[in-house]
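# Coordinates in review
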Amino acid sequence: MRLNLNERQNEIWNTIQREGEVKIGDLKDRYAVTDMTIRRDLEKLESLGLVRRTFGGAIPVTLDVSLKERDTVLTDEKIRIGRAAAELVQPNQAIFIDGGTTTLQVAKHIRPDSSVTIVTNALNVAAVLMDKGIHTIVAGGMLLEKTGSMVGPIAIEALSTMAFDQAFLGATGITAQHGFSNSNSFEAELKRHAMRRSGQVNIVSDASKFGERFLHSFAGFKDVHRIITDREAPSSIRAAAEDEGMQIVVAPE
């Protein structure tokens, strides 16, 4: 397929494929052009279905980006978020953690001596918790190969008899109008069920998800107690969060 890109746009596309993400500020400095020029380049790439623009940059478009690919994007930010989220976990609590690379960082930062019970539908999260010696229950079900998550009726049935003090969930899109969304209907359904069983709901997500919207909305701002992220949210999201009583926690550097 001929993409009809100019030289700079082609280089930007190659960079996005190679690095998984680009930032407008970095591209502006690299090519010595204005923000608007880079925005037009990204608009062109988006119009061709190659990228999805994010808050301040762009990422490649895939329906379900594999866990391995996502694990290389915004690693430092996810570590900060995971560390801040893990500090919310109290001794003897029952916790639910779903699949994803940011929720994985929550599991990695929970203290081994926390005396908690953690339920998860994610194989990568379960593996980390097993190594820590934390009491873990895995909700079985249909395995999504790209994300390593268990979903479907069996997983939902497993959650139906449980009650959690807190849930830590990921999101692929966050907007004031659409709330929290996900590209996979099975994952979105399981998130909704986990939320219903949880005393507090925490969304862990880096700021690149702000302004993004995917097909399956699983929660509104009124349904979530807090979001833990890596930088300040846009004004529209801050205003909606205040209206609905949702706290936005920015993880410290």
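To be clear, the structure that these remarks concern was listed above.
The following refers to the structure shown. (Residues numbered from 1 in each chain as written. Predicted model: local features only at pLDDT ≥ 70, side-chain atom pairs only at ≥ 80, totals over all residues. Heavy atoms only, no water.)

It is worth spelling out the pairing of strand β5 (residues 117–120) at this point. On a regular strand, one side chain projects to one face of the sheet and the next to the other, so that they alternate. Examined bridge by bridge, strand β4 (residues 94–97) and β5 share four bridges and lie parallel to one another. The partner of alanine 94 across the bridge, within β5, is threonine 117. On the question of chirality, the crossover connecting β4 to the parallel β5 by way of helix α6 (residues 101–109) is right-handed. Taken together, the four bridges between β5 and strand β6 (residues 135–138) define a ladder with parallel strand orientation. Looking at the pairing, valine 119 lines up with isoleucine 137 of β6. You can see the chain leave β5, run along helix α7 (residues 123–132) and come back into β6, and the turn it takes is right-handed. (Pairing = 2+ DSSP bridges. Helix = DSSP H or I, 4+ residues; strand = E, 2+ residues; numbered from the N terminus. Right-handed = clockwise from strand over helix to strand, strands pointing away.)

For strand β12 (residues 198–204), a buried count of five out of seven residues is recorded, marking the element as mostly surrounded by other parts of the structure. Two elements, strand β9 (residues 164–169) and β12, share five bridges in a ladder whose sense is parallel. Paired with leucine 169 across the bridge in β12 is isoleucine 203. Pairing of β12 with strand β14 (residues 226–229) involves three bridges; the strand directions are parallel. If you follow isoleucine 203 over to β14, its bridge partner there is isoleucine 227. (Buried < 20%, exposed > 50% of the residue type's maximum accessible area, 1.4 Å probe, protein only.)

Taken as a whole, this structure holds three aromatic pairs when the rule is applied. An angle of 35° between the planes, with centres 6.4 Å apart, marks the rings of phenylalanine 180 and phenylalanine 218 as tilted. With phenylalanine 180 in strand β11 (residues 179–182) and phenylalanine 218 in strand β13 (residues 216–219), this pair connects stretches of sequence that are 38 residues apart. Accessibility assignment for this pair places phenylalanine 180 and phenylalanine 218 in one class, buried. Between phenylalanine 180 and phenylalanine 221 the ring centres are 5.3 Å apart and the planes differ by 45°, which places this aromatic pair in the tilted class. In this pair, phenylalanine 180 is assigned in strand β11 and phenylalanine 221 in the loop between β13 and β14, connecting sequence segments 41 residues apart. Classification of phenylalanine 180 by relative accessible area gives buried; the value is 0%. The exposure class of phenylalanine 221 is buried, given its relative accessible area of 5%. Through successive ring pairs, a cluster of aromatic residues spans Phe180, Phe218 and Phe221. Over the ring of phenylalanine 218 we find lysine 191, and its NZ or CZ is 5.3 Å from the ring centre. (Phe/Tyr/Trp six-rings, centres within 6.5 Å; stacked < 30°, edge-to-face > 60°. Lys NZ or Arg CZ within 6 Å of the ring centre and 35° of its normal.)

So, on to the environment of alanine 122. Secondary-structure assignment places alanine 122 in the loop between β5 and α7. Its relative accessible area of 0% is what places alanine 122 among the buried residues. For the pair alanine 122 and glycine 100, spaced 22 residues apart in sequence, the C-alpha separation works out to 7.8 Å.

A word on the nonpolar core. With 30 residues, the main nonpolar core has Phe96, Leu159 and Phe180 as its most contacted residues. A per-element tally of this core places helix α9 (residues 185–196) first, with four residues. Contacts of phenylalanine 96, omitting those with residues within four sequence positions, involve Val119, Thr120, Asn121, Leu159, Phe164, Gln166, Ala167, Phe168, Leu169, Leu190 and Ala194. Among the nonpolar cores identified, the runner-up in size contains 22 residues, and Val89, Leu104, Ala122 and Val125 belong to it. (Core = buried A, V, L, I, M, F, W, Y, C linked by side-chain atoms within 4.5 Å. Contact = heavy atoms within 4.5 Å.)

With the rule as written, the count across this model stands at 12 salt bridges. For the salt bridge of aspartate 230 with arginine 231, the shortest nitrogen-to-oxygen distance reads 3.8 Å. Classification of aspartate 230 as buried rests on a relative accessible area of 7%. Since its relative accessible area comes to 29%, arginine 231 is described here as partly exposed. Salt bridges linked by common partners bring Glu43, Glu46 and Arg53 together as one network. (Salt bridge = Lys/Arg side-chain N within 4 Å of Asp/Glu carboxyl O.)

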